[in-house]
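Geometric and topological summary
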Amino acid sequence: MKFIIHTILYCFISTVLLGQTAQISGTVTDADNEPVTGALIRLEPTYKGDVSNAEGSYRLDGIANGSYTLSVSYLGYETDSV
């Protein structure tokens, strides 16, 4: 019985903690609105990041609520931050 109670409590706490995160996603495009493949997207001041795919899309999962700076860089382009 004690094991079942602990298991239910663990599942509840895990669900609550996982529910406190967000996802950031988007598409990297150039001035001509063409997708940029292989752009580096970093979430500062964390160590989270992603590289844009062939369509220029990226996704960062498990982001805690708060304020961040999103930095996008690519060889031959000026780095941009939001």
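Quick caveat, the model's predicted, so the values are computed rather than measured.

Quick notes on the nonpolar core
By size, the foremost hydrophobic cluster in this structure holds nine residues: V28, V36, A39, I41, L43, Y58, L60, I63 and L70. The element contributing the most residues to this core is strand β4 (residues 57–64), with three residues. If sequence neighbours within four positions are ignored, I41 has contacts with V28, K48, G49, D50, V51, S52, Y58, L60, L70, S71 and V72.

What to know about the sheet that holds strand β6 (residues 80–81)
Pairing in this open sheet of four strands is antiparallel, and the strands run β3-β2-β5-β6 from one edge to the other. One side of each edge strand has no neighbouring strand; the edge strands of this open sheet are β3 (48–51) and β6. Bridge count for strand β2 (residues 40–44) against strand β5 (residues 69–73) is five bridges, and the pairing is antiparallel. Its bridge partner being in β5, E44 is matched across the sheet by T69.

As for the pattern of salt bridges
Inspection of the entire model under this criterion finds two salt bridges. Linking R42 and E44 is a salt bridge whose minimum nitrogen-to-oxygen distance equals 2.4 Å. By relative accessible area, which is 26% here, E44 ends up partly exposed. Measuring nitrogen to oxygen at the nearest pair gives 3.2 Å for the salt bridge that ties D61 to R59. Given a relative accessible area of 36%, D61 falls into the partly exposed group.

Reading the values: rules and limits
Residues numbered from 1 in each chain as written. Predicted model: local features only at pLDDT ≥ 70, side-chain atom pairs only at ≥ 80, totals over all residues. Heavy atoms only, no water. Core = buried A, V, L, I, M, F, W, Y, C linked by side-chain atoms within 4.5 Å. Buried < 20%, exposed > 50% of the residue type's maximum accessible area, 1.4 Å probe, protein only. Helix = DSSP H or I, 4+ residues; strand = E, 2+ residues; numbered from the N terminus. Contact = heavy atoms within 4.5 Å. Pairing = 2+ DSSP bridges. Salt bridge = Lys/Arg side-chain N within 4 Å of Asp/Glu carboxyl O.

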